[in-house]
Amino acid sequence: MPYHHTSTATHLVLDYAPFIMGKTILVTGVSPGSLGDFYVKSIAKARPACLILAGRSAGKLEQCARRIHAESSNVRIKTLEIDLGSLESVRKAADQVNGWEDVPFIDVLVNNAGIMAVEYKLSIDGFESHFATNHLGPFLFTNLIMKKVLNGRNPRIVIVSSDGHRLSPIRFYDYNFDGGKTYNKWVGYGQSKTANMLMALSLAKKLGVKYGLQAYSLHPGQIMTNLGSHLDWNVDMQDLLFVYRQLGEREGWQDQGFTLKTLDQGTATHIYASFDPTLKAHNGAHLVDSHIADPMENIVKPWATNALEAEKLWVLSEQLVGQKFPY
């Protein structure tokens, strides 16, 4: 039976248990109450060989590791401190992963960490914070540990995007919002989510045929997590609806708000993207509700699935991080 918007990670883990067992999986963004936290706790029950938990806070990483050990004591766990908003931190973390002799390969890399609708701020490297944390950091980290990923068995990269990509294409000539003068926090978030989708498309194109890498982006749905804990939804929802109205999107005139998912439902597409064996024929696809997104449903914007846009972003990203990855 096909999966749908109410399918759960609990259900999919049972279905995909043979494909999870024995895998080495690295996941960013596993703070308590997050999608990443629920994802790793769910797949731990299917006995992966090793879970690598990555995040900014050592304390939160240890907290997550203890909870997994309490329920799945047979799973080996490693932790990795990384601040995706700092290219120096990303390089340090990548060096650490590459130096782990006890982790010769990574079967699945899940770029799950991110920020949403924050006030204007530049990263330590001088980039708008959404673009830095949600795209440039994962872009650099993924490519720096690519050798270990390609050594994996049927290697796969999953990038958590959002239907928020519809809020903005890549602003190639103003990705930093003119020092904040042209900034809208929902547009900033949207640009970074478009970047996530284009990155998956580029990885599939550049490394799919030659190295067998699979790469997918996904929209998990609307879930109340710590990602939006800083927002005043009485105010910020109106700001979001205003942007949608400016774009002519149907959400701009919704009276009932958004349909929310539980954490169990919200991480189902993570499981599908990470382990479904039939996806190989659709490398680079964007996934929604544990199936391939249908562009006719007005979920996917052409600017997030365009090969030319993807290549332009790849070149720009190489320039910004100061390193080329000529696959």
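Residues numbered from 1 in each chain as written. Predicted model: local features only at pLDDT ≥ 70, side-chain atom pairs only at ≥ 80, totals over all residues. Heavy atoms only, no water.

Short version of the rule: UniProt positions are given in the numbering used here, feature names are shortened, and annotations may be inferred rather than shown by experiment.
If you check an unreviewed UniProt entry, the chain appears there as Short-chain dehydrogenase from Penicillium brasilianum. Regarding the chain, the relevant UniProt record gives this comment under Sequence similarities (unreviewed entry): "Belongs to the short-chain dehydrogenases/reductases (SDR) family."

**Section: the pairing of strand E3 (residues 76-81)**
Note the threshold: The pairing criterion for strands is at least two bridges between them, as found by DSSP. A run of H or I in DSSP counts as a helix once it spans at least four residues, and a run of E counts as a strand once it spans at least two, with each numbered from the N terminus. Whether a crossover is right-handed comes down to one check: with the strands pointing away from the viewer, does the path from the first strand over the helix to the second run clockwise; if it does, it is right-handed.
In terms of strand pairing, strand E2 (residues 50-55) meets E3 through six bridges, oriented parallel. Looking at the pairing, Leu51 lines up with Ile77 of E3. Remark: the E2/helix H3 (residues 58-71)/E3 crossover connection has right-handed handedness.

**Structural notes on the sheet that holds strand E6 (residues 214-219)**
What counts is decided by this rule: Contact criterion: two residues are considered in contact whenever any of their non-hydrogen atoms come within 4.5 Å of each other. Between the N-to-C directions of two axes lies an angle of 0 to 180 degrees, each axis being a line fitted to C-alpha atoms and, for a helix, fitted only over the stretch in contact.
In spatial order, the strands read E3-E2-E1-E4-E5-E6-E9-E10; together these eight strands make up an open sheet with mixed pairing. The outermost strands of the open sheet, each flanked by one partner alone, are E3 and strand E10 (291-292). Pairing analysis gives three bridges linking E6 to strand E9 (residues 286-288), with the strands arranged parallel. Bridge assignment links Leu218 to a residue of E9, and that residue is Leu287. Each of strand E1 (24-28), E3, strand E4 (108-111) and strand E5 (156-160) touches helix H5 (residues 129-144); the most contacted strand, E4, lies at about 165 degrees to it.

**Focus on unusual backbone geometry**
Counted only if it meets this: Relative accessible area decides the class of each residue, using a 1.4 Å probe on protein chains only: under 20% of the type maximum gives buried, over 50% gives exposed, and in between gives partly exposed.
Phi is positive for Arg47, which is not a glycine, with a value near 65 degrees. Since its relative accessible area comes to 48%, Arg47 is described here as partly exposed. Even without being glycine, Ser290 reaches a positive phi, approximately 60 degrees.

**Topic: the environment of Ser162**
Rules: Two N or O atoms form a polar contact when they lie within 3.5 Å of each other; inside protein one atom must be a possible hydrogen donor and the other a possible acceptor, and for residues adjacent in sequence the pair counts only when both atoms belong to side chains.
When you line up the elements, Ser162 lands in the loop between E5 and helix H7 (185-211). For Ser162, a relative accessible area of 7% puts it in the buried group. When the C-alpha atoms of Ser162 and Tyr175 are compared, they prove to be 18 Å apart, with 13 residues separating the residues in sequence. Leave out the neighbours within four places in its chain, and Ser162 touches Tyr189, Lys193, Leu218 and His219. A polar contact of 2.8 Å, which involves the side chain of Ser162, links it to the backbone nitrogen of Gly164.

**Regarding the nonpolar core**
Here is a general trend for soluble globular proteins: nonpolar side chains tend to be buried in one another's company. The test is simple: Only buried Ala, Val, Leu, Ile, Met, Phe, Trp, Tyr and Cys residues count toward a nonpolar core, and they belong to the same one when joined by side-chain atoms within 4.5 Å.
Counting 48 residues, the largest nonpolar core has Leu26, Phe141, Ile145, Ile157 and Leu203 as the members making the most contacts within it. Those elements that provide at least two residues to this core are E2, helix H4 (87-98), H5, helix H6 (146-150), E5, H7 and helix H11 (307-321). The dominant element in this core, judged by the number of residues it contributes, is H7, at seven residues. Excluding its chain neighbours within four sequence positions, the residues that come into contact with Ile157 are Leu109, Asn111, Thr142, Met146, Val149, Leu203, Leu213, Gln214, Ala215 and Tyr216.

**Remarks on the pattern of salt bridges**
The line we're drawing: By definition here, a salt bridge exists when the distance from a side-chain nitrogen of Lys or Arg to a carboxyl oxygen of Asp or Glu is within 4 Å.
Per the counting criterion, the structure on display carries 13 salt bridges. A salt bridge links Arg153 to Asp107; the shortest N-O distance between them is 2.6 Å. In this pair, Arg153 sits in the loop between H6 and E5 while Asp107 sits in the loop between H4 and E4, placing the two residues 46 residues apart along the sequence. On the basis of relative accessible area, Arg153 is assigned to the partly exposed category, the value being 38%. Via salt bridges that share partners, Asp163, Arg166, Glu249 and Lys301 belong to a single interconnected network.

**Some details on the environment of Gly85**
Here Gly85 is to be found in the loop between E3 and H4. Accessibility expressed as a relative area gives 14% for Gly85, which makes it buried. Distance in space between the C-alpha atoms of Gly85 and Asp95 is 17 Å, their sequence separation being 10 residues. Non-local contacts of Gly85, meaning those with residues more than four positions away in its chain, are made with Ser123, Ile124, Asp125 and Thr133.

**Looking at the pairing of E6**
Taken across its six residues, E6 has six buried, putting it largely inside the fold. Neither face of E6 is left uncovered, since the one carrying Gln214, Tyr216 and Leu218 and the one carrying Ala215, Ser217 and His219 both have all their residues buried. In terms of strand pairing, E5 meets E6 through five bridges, oriented parallel. Its bridge partner being in E6, Val158 is matched across the sheet by Tyr216. Following the backbone out of E5, through H7 and into the adjacent parallel E6, one traces a crossover that is right-handed.

**Section: H7**
Definition in use: What a helix should span is 1.5 Å times the count of its residues minus one. The quantity called bend is, for any residue, the angle between two axes fitted respectively to the seven residues ending at it and the seven beginning at it.
Look at H7: 38 Å from first C-alpha to last across 27 residues, which is about the 39 Å you get at 1.5 Å a residue. Maximal helix bending in H7 amounts to about 30 degrees, located at Ala204. Within H7, 21 of the 27 residues are buried, leaving the element largely enclosed by the surrounding structure. The N-cap residue of H7 is Asn184: its side-chain oxygen and the backbone nitrogen of Trp186 are 2.8 Å apart. Positive backbone phi, approximately 75 degrees, marks Gly212, located one or two places after H7.

**Quick notes on the environment of Val187**
Mapped onto the elements, Val187 comes out in helix H7. You can call Val187 buried: its relative accessible area is 15%. For the pair formed by Val187 and Leu12, sequence separation is 175 residues and the distance between their alpha carbons is 33 Å. With residues near it in sequence (within four places) discarded, Val187 still touches Leu167, Ser168, Arg171, Phe177 and Val243.

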